Amino acid sequence: FASICFQICSLYLPSETSLAHASLDVPAMFGGVFGLFAMASQCTQPDFLPSLQRVDPLISSYETTKHIVQGSAEGFVVEARTTDGSLRHLFVKHVDVKKYGHKPWSDLRRTCHYTRTEVRFYDEILPLLRNGLRAVGDPWPVAPRVYVAEYDLSGLIEEDASTAAAPSTGEDPRYDDGDRSVLEGKRGLLVMDDVGAGRGYFQRNPLPREVALASVRALARFHAASFGDAAVLMAASDRLCEYGGSYHLRNRNPKELAHMADAWEGLARDLGPVAPRGFFDEPSRQDLGRRTVAAAAYVSEELSPTPRCPHATVVHGDYKAMNVFFGAEDGTDCLLIDFASAGVGLGASDLAMHVAHAITAEDLDDGVEEVLVEAYFAALQKALPEGLRQAYTKEEFRRHYGLATVDYFRFILGRQWKGATQETFDRRNEDANFAMVNRSVEAALKFIERADRHLKVIEEERSALESQKLS
């Protein structure tokens, strides 16, 4: 038993260097002991040789050098050997839907949508973005080269099914621990270059200042590739997430919002002893949970552009530090991964998540947030065609960034901070996939200050709008 536990833990807690092309959904992993053991009991590795031979017919064998288990997928770093003795360094991301049959349908449905979205992004939308970049003289490939991108989710979700969270309809697929036959053979598969072992790229979290600057400049280039391009945005809206972003309100479980006021009261109680004296006694913070709930729908609506909105772009949707590979010590030559939540949105939503995810409290004290926000907007303006640069003013962008900061705070409070204590933060600090606001109490307190400040502005804005309606 002890040996089994050790092996399971070694799968779920890999070293940072083993996280090539994968981002761990730790809360989902540890959602239940039974789910963990059910997944572990089925972790026999599939035979990927036929898929690898679609990359290179000369591949005759392969060895898995790392196996990464995620909450909704598995990753395999492989060394493939060809008949002429050469090596190919590849990464396989595989979703065997049956392995996740311990999840309720609401969660398994999200896993299926993540799979479908990521395959469609690489297969259909990424070529359009690359064309847009080349049109302005930018040869950046955005992501590692992908050779195989496919899924079979027939009978589980319709091809045109919305990715938004949905209540049970009574027609959901029927499965349980005794019968998962409806899930048999349903899968998603990606085969791409392993830029970690193969080309020397690295991942890191938190990000030093210069590397963080490179990451937000890369984000701006990514957004510029579809900014204002109605044809690309219509395609993305039709084929990717209906609401771009892993933390978009429409994509989340309604229980997160319903329990948010209680989550805030618990956090204030448990972190109060380690926070500066009086931190949670500030009048605006005493009711921050309820205020966040009250503003949630308005904030989300303001961050949900249509494809024809002048500020719309394709958002990454999960732009955390560990979803960026850096090709040099200063962070230049970035490649992005994990587009399972991509869709139409506002670039500020990606940026707000990234700042909360990748920057330490010490760097926030040194003004790094302002540096990154300015650097992103300058890089976006530089990357846009001249005719589009006036379409997005700095004032509009700053407003969107404030909204997005509050929106991400809503997600963190409802999803990650419910029941969190000092010990929770200390434990999470060992995992680079967690946001810094989940790993460091000091970073969390800085985040609370920023969210409170931006929420005050939003409340004043809403009050002014209500006054205008009455007059």
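Scoring rules and cut-offs
Residues numbered from 1 in each chain as written. Predicted model: local features only at pLDDT ≥ 70, side-chain atom pairs only at ≥ 80, totals over all residues. Heavy atoms only, no water. Axes fitted to C-alpha atoms, helices over the stretch in contact; angles between N-to-C directions. Helix = DSSP H or I, 4+ residues; strand = E, 2+ residues; numbered from the N terminus. Parallel < 35°, antiparallel > 145°, perpendicular 65-115°, else oblique. Left-handed = near helix turned anticlockwise from the far one by under 90°. Contact = heavy atoms within 4.5 Å. Buried < 20%, exposed > 50% of the residue type's maximum accessible area, 1.4 Å probe, protein only. Pairing = 2+ DSSP bridges. Expected span 1.5 Å × (residues − 1). Phe/Tyr/Trp six-rings, centres within 6.5 Å; stacked < 30°, edge-to-face > 60°. Salt bridge = Lys/Arg side-chain N within 4 Å of Asp/Glu carboxyl O. Core = buried A, V, L, I, M, F, W, Y, C linked by side-chain atoms within 4.5 Å. Polar contact = N/O pair within 3.5 Å; in protein donor to acceptor, adjacent residues only side chain to side chain.

Concerning the packing of helix α7 (residues 209–224) against helix α13 (residues 347–358)
Point 1. Look at α7 against α13: their axes get within 10 Å of each other, and the N-to-C directions meet at 160°. On the basis of the axis angle, α7 is roughly antiparallel to α13. Both α7 and α13 take part in a crossing whose hand is right-handed. Residues Ser215, Val216, Leu219 and His223 of α7 form the contact with α13, whose own contacting residues are Gly347, Asp350, Leu351 and His354.

So, unusual backbone geometry
Point 1. Residue Pro206 follows Asn205 across a cis peptide bond; omega there is 5°.
Point 2. Examined against the element boundaries, Pro206 turns out to sit in the loop between α6 (195–199) and α7.
Point 3. The residue Asp338 is not glycine, and still its phi comes out positive at about 65°.
Point 4. With respect to the element layout, Asp338 can be found in the loop between β8 (335–336) and β9 (343–345).
Point 5. For Asp338, a relative accessible area of 9% puts it in the buried group.

Focus on the sheet that holds strand β1 (residues 59–69)
Point 1. The antiparallel open sheet is built from five strands, whose spatial order is β1-β2-β3-β5-β4. Edge positions in the open sheet fall to β1 and β4 (146–152), since each of these has one partner strand only. Averaged over all neighbouring strand pairs, the angle between strand axes comes to 20°, with direction disregarded.
Point 2. In this sheet, strand β5 (residues 187–193) lies alongside β4 in antiparallel orientation, the contact comprising six bridges. Paired with Glu150 across the strands is Leu189, a residue of β5.
Point 3. Docked against the sheet, helix α5 (residues 105–135) engages β3 (87–96), β4 and β5, running at close to 145° with respect to β4.

Quick word on α5
Point 1. Taking 1.5 Å of rise per residue, 31 residues should cover 45 Å, and α5 covers 43 Å from first to last C-alpha, within 8% of that figure.
Point 2. A positive phi of about 80° marks Gly137, the residue just after α5.

Some remarks on the packing of aromatic side chains
In this description, a pair of aromatic rings is defined by centroid distance and the angle of the planes.
Point 1. Scanning the model with the defined rule gives 23 aromatic pairs in all.
Point 2. On the numbers, 5.7 Å between centres and 75° between planes, the contact of Phe121 with Tyr122 is edge-to-face.
Point 3. Of the residues examined, Phe121 reaches a relative accessible area of 0% and is grouped as buried.
Point 4. The class of Tyr122 is buried, set by a relative accessible area of 7%.
Point 5. For the pair Tyr392 and Phe397, a centre-to-centre distance of 6.1 Å together with 85° between the ring planes defines the contact as edge-to-face.
Point 6. By relative accessible area, which is 4% here, Tyr392 ends up buried.
Point 7. In textbook terms, an aromatic cluster arises when at least three aromatic residues are bridged by ring pairs, as seen for Tyr247, Trp264, Phe279, Phe280, Tyr408, Phe409, Phe411, Trp417, Phe425 and Phe447.

A closer look at the pattern of salt bridges
Point 1. According to the stated counting rule, one finds 26 salt bridges in the structure shown.
Point 2. Linking Glu159 and Arg120 is a salt bridge whose minimum nitrogen-to-oxygen distance equals 3.0 Å. Of this pair, Glu159 sits in the loop between β4 and β5 while Arg120 sits in helix α5, placing them 39 residues apart in sequence.
Point 3. According to the relative accessible area criterion, Glu159 is partly exposed, its value standing at 43%.
Point 4. Relative accessible area serves as the criterion here: at 2%, Arg120 is assigned to the buried category.
Point 5. Members of the salt-bridge network, linked through shared partners, are Arg285, Arg291, Asp452 and Glu459.

Notes on the packing of helix α12 (residues 288–302) against helix α16 (residues 394–416)
Point 1. For the pair α12 and α16, the least separation of the axes is 9 Å and the interaxial angle reads 125°. Looking at the two axes, α12 sits oblique to α16. Remark: the crossing between α12 and α16 carries left-handed chirality. Contacts between α12 and α16 pair Leu288, Gly289, Thr292, Ala296, Tyr298, Val299 and Glu302 from the former with Arg399, Leu403, Val406, Asp407, Phe409, Arg410 and Leu413 from the latter.

What about helix α15 (residues 368–383)?
Point 1. With 16 residues, α15 extends 22 Å from end C-alpha to end C-alpha; this agrees with the ideal 22 Å at 1.5 Å per step.
Point 2. Inspection of α15 places Val368, Glu369, Leu372, Val373, Ala375, Tyr376, Phe377, Ala379, Leu380 and Gln381 among the buried residues, and these make up the whole buried set.
Point 3. In this structure, the buried side of α15 is in contact with α7, α13, α14 (361–365), α16 and α19 (441–470).

Section: the environment of Phe409
Point 1. Position of Phe409 among the secondary structure elements: in helix α16.
Point 2. Along the sequence, Phe409 and Ile448 sit 39 residues apart, while their C-alpha atoms lie 7.7 Å from each other.
Point 3. Those residues within four positions of Phe409 in sequence are excluded, and the remaining contacts are Trp264, Leu288, Thr292, Trp417, Phe447, Ile448 and Ala451.

What about the pairing of β3?
Put simply, side chains in a regular strand alternate between the two faces of the sheet.
Point 1. In this sheet, β3 lies alongside strand β2 (residues 74–82) in antiparallel orientation, the contact comprising eight bridges. Residue pairing in the sheet places Gly75 in a bridge with Lys93 of β3.
Point 2. In this antiparallel pair of consecutive strands, β2 and β3, the connection spans four residues, and Gly85 shows a positive phi of 90°.

Observations regarding the nonpolar core
Point 1. Counting residues in each nonpolar core, the largest one holds 108 residues, and the members touching the most others are Phe121, Trp417 and Ile448.
Point 2. Among all residues touching Ile448, those that are not within four sequence positions of it are Trp264, Leu267, Phe279, Phe280, Arg285, Leu288, Phe409 and Trp417.

Regarding the environment of Asn251
Point 1. Position of Asn251 among the secondary structure elements: in the loop between α8 (230–239) and α9 (254–258).
Point 2. For Asn251, a relative accessible area of 10% translates into the label buried.
Point 3. On a C-alpha basis, the gap between Asn251 and Cys241 in space is 9.1 Å, while along the polypeptide they are ten residues apart.
Point 4. Among all residues touching Asn251, those that are not within four sequence positions of it are Arg110, Thr163, Ala164, Ala165, Tyr243, Gly245 and Ser246.
Point 5. At a separation of 2.8 Å, a polar atom in the side chain of Asn251 contacts the main-chain carbonyl oxygen of Gly245.

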